[in-house]
Amino acid sequence: MSKLVECVPNFSEGRREEVVEQISGIVLEAQYAGLVVRLLNHSADRDHNRMVVTYVGEPQAVSEVAFLMARKAVALIDMNHHQGAHPRMGAVDVIPFIPISEVTMAECVTLAKQLGQRLADELDIPIYLYAEAATLATRKRLPDVRKGEYEGLKELIKTAERRP
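All values derive from a computational prediction rather than experimental measurement.

Q: Report on the packing of helix 2 (residues 59-76) against helix 3 (residues 105-123), specifying residues and quantitative values.
A: Their axes nearest at 10 Å, the elements helix 2 and helix 3 cross at an angle of 30°. Between helix 2 and helix 3, the angle falls in the class roughly parallel. You can see that helix 2 and helix 3 cross each other, and the crossing is right-handed. Taken together, the residues of helix 3 that come into contact with helix 2 (itself represented by Pro59, Gln60, Ser63, Glu64, Ala66, Phe67, Ala70 and Arg71) are Leu111, Gln114, Leu115, Arg118, Leu119, Glu122 and Leu123.

Now the structure itself:
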């Protein structure tokens with residue numbers, strides 16, 4: 001049995017079908033490029049203006065696909081014009097890694113930290129790690145991390161308490 005990680009990234013887009021398809025299509029493109037990943041599902045909700053992609057694969061391939069999707073989302077989603085019913089922090093809201101087979105939660109935490117660093121370095125987006133990967137106790141719960149949402153975060157991010 002090989003190592004398998006599930007990834008369920010959430011993006012702040014659920015109304016523009018072409019954007020939803022471009023972001024979720026990256027998983028299929030990655031398969032054709034030889035990365036060991038498999039798309040399980042993707043869905044978009046117009047009211048929440050949010051999409052969720054679910055896929056599995058080898059840990060490093062899953063992380064690479066998450067980066068590629070995040071890069072595409074940042075390029076296509078303008079949060080200054082985003083409206084939706086779901087709490088959100090940015091074009092890329094969350095990217096959870098879930099151990100499925102032959103992978104520990106500690107390995108998923110390492111993946112999250114590595115991807116977070118790469119997203120910060122290469123895409124210049126603020127990163128908050130939560131749940132098992134949280135670097136501060138106050139960031140364990142996702143609702144606590146999302147406090148203020150995108151609009152409020154513009155000011156909160158300047159405080160020591162909310163520094164990414």
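Q: Go over the side chain of arginine 50 with me, naming the residues and quoting the values.
A: Along the chain, arginine 50 turns up in strand 4 (residues 50-57). Residue class for arginine 50 comes out buried when judged on its relative accessible area of 7%. Side-chain polar atoms of arginine 50 contact the side chain of aspartate 93, separated by 2.6 Å.

Q: Can you explain the pairing of strand 4? Please cite residues and give values.
A: Successive residues of a regular strand alternate their side chains across the two faces of the sheet. Most of strand 4 sits out of view: seven of its eight residues are buried. Relative to strand 4, strand 1 (residues 4-7) runs antiparallel, the two being bridged by three bridges. Bridging across to strand 4, cysteine 7 finds its partner in tyrosine 55. In this structure, strand 2 (residues 10-11) lies alongside strand 4, joined through two bridges in antiparallel fashion. Each residue of the ladder has a partner; that of asparagine 10, found in strand 4, is valine 52. Judged from the eight bridges that link them, strand 3 (residues 37-45) and strand 4 form a sheet pairing that is antiparallel. What sits directly across from leucine 39, in strand 4, is tyrosine 55.

Parameters and conventions
- Residues numbered from 1 in each chain as written.
- Predicted model: local features only at pLDDT ≥ 70, side-chain atom pairs only at ≥ 80, totals over all residues.
- Heavy atoms only, no water.
- Axes fitted to C-alpha atoms, helices over the stretch in contact; angles between N-to-C directions.
- Helix = DSSP H or I, 4+ residues; strand = E, 2+ residues; numbered from the N terminus.
- Parallel < 35°, antiparallel > 145°, perpendicular 65-115°, else oblique.
- Left-handed = near helix turned anticlockwise from the far one by under 90°.
- Contact = heavy atoms within 4.5 Å.
- Buried < 20%, exposed > 50% of the residue type's maximum accessible area, 1.4 Å probe, protein only.
- Polar contact = N/O pair within 3.5 Å; in protein donor to acceptor, adjacent residues only side chain to side chain.
- Pairing = 2+ DSSP bridges.

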